[in-house]
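# A look at the structure
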Amino acid sequence: MADRYRVGGTGTWSSTNTANWSASSGGATGASVPTAADNVFFDVNSNVGTGAFTVTMANTPRVCNDITISGLDGAMTLAGTSIGLTVSGSLSFPATNFTRSYTGTTIFNATTTGKTITTNGVGLGAIDFNGVGGGWTLGSALTSSQGINFTKGTYRDWE
């Protein structure tokens, strides 16, 4: 498991392009593309000097363990046509400076409990909970424009 930080502003998140990934916040590019075991971070150093930026997910659904988007230095859009996001851990979106426009399904496939989903008012499209042994707690309200499917796992509302 590794941490992967998005750098360089606008670009594609594909299964092969390492041009926008670093092993540290604001660090050198060329780190491996995140896998389902890696934590992904978008932060103040993801778009230094570029203002608004768009990260377009390409190929099959993009994968990660935890995904944390916080402290952005400008507005970010996470985009992709018919591409989804598969999260094997927790998800945290910021309440400001962030838009989700990808049209694929967001899949939560953790196999352990203790995962948290915090969208801070950012709506998702289709959502699928599909992790044997997985357990999720909400850190904020969860909304879906295309429905929520519970295939496997357990869900607890926030307390």
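Preceding this paragraph is the structure being described.
These numbers were taken from a predicted model, which means no experiment stands behind them. (Residues numbered from 1 in each chain as written. Predicted model: local features only at pLDDT ≥ 70, side-chain atom pairs only at ≥ 80, totals over all residues. Heavy atoms only, no water.)

## Describing the nonpolar core
Counting 32 residues, the largest nonpolar core has Trp-13, Phe-42, Ile-67, Met-76 and Leu-85 as the members making the most contacts within it. Counting residues per element, the ones that place at least two in this core are strand S4 (39-42), strand S5 (53-57), strand S7 (67-69), strand S8 (76-79), strand S9 (85-87) and strand S14 (127-138). Broken down by element, the residue count for this core peaks at 4 residues, all from S14. (Core = buried A, V, L, I, M, F, W, Y, C linked by side-chain atoms within 4.5 Å. Buried < 20%, exposed > 50% of the residue type's maximum accessible area, 1.4 Å probe, protein only. Helix = DSSP H or I, 4+ residues; strand = E, 2+ residues; numbered from the N terminus.)

## Re unusual backbone geometry
Despite not being glycine, Ser-82 has its phi angle at roughly 60°, a positive value. Structurally, Ser-82 can be placed in the loop between S8 and S9.

## Some details on the sheet that holds strand S11 (residues 98-100)
Taken together, 4 strands build an open sheet; the order of strands is S2-S5-S8-S11 and the sheet is parallel. Single-partner strands in this sheet number two, and they are strand S2 (11-13) and S11. Across the sheet, the mean angle from the axis of one strand to that of its neighbour is 20°, orientation sign disregarded. As defined by bridge partners, S5 adjoins S8 across 4 bridges and the pair is classed as parallel. Looking at the pairing, Phe-53 lines up with Met-76 of S8. (Pairing = 2+ DSSP bridges. Axes fitted to C-alpha atoms, helices over the stretch in contact; angles between N-to-C directions.)

## Some remarks on the packing of aromatic side chains
Scanning the model with the defined rule gives 8 aromatic pairs in all. Summarising the aromatic geometry, the rings of Trp-13 and Trp-21 are spaced 5.3 Å apart at their centres and angled 65° between planes, so their arrangement reads as edge-to-face. Across the pair, Trp-21 and Trp-13 agree in class, each one buried. Centre to centre, the rings of Trp-13 and Phe-42 are 6.1 Å apart; their planes meet at 55°, and the pair counts as tilted. You can see Trp-13 sitting in strand S2 and its partner Phe-42 sitting in strand S4, a full 29 residues away along the chain. Owing to a relative accessible area of 0%, Phe-42 belongs among the buried residues under this scheme. One aromatic cluster in this structure is built from Phe-108, Phe-129, Trp-136 and Phe-150. Over the face of the ring belonging to Trp-21 we find Arg-6, whose NZ or CZ atom lies 5.4 Å from the ring centre. Here the basic side chain of Arg-100 rests over the ring of Tyr-102, its NZ or CZ set 5.2 Å away from the ring centre. (Phe/Tyr/Trp six-rings, centres within 6.5 Å; stacked < 30°, edge-to-face > 60°. Lys NZ or Arg CZ within 6 Å of the ring centre and 35° of its normal.)

## Considerations on the pairing of S14
One ladder, built from 3 bridges, connects strand S12 (residues 106-108) with S14; its direction is parallel. Looking across to S14, one finds that Phe-108 is bridged to Phe-129. Sheet analysis places strand S13 (residues 115-118) next to S14, joined by 3 bridges and oriented parallel. Residue pairing in the sheet places Thr-116 in a bridge with Thr-137 of S14.

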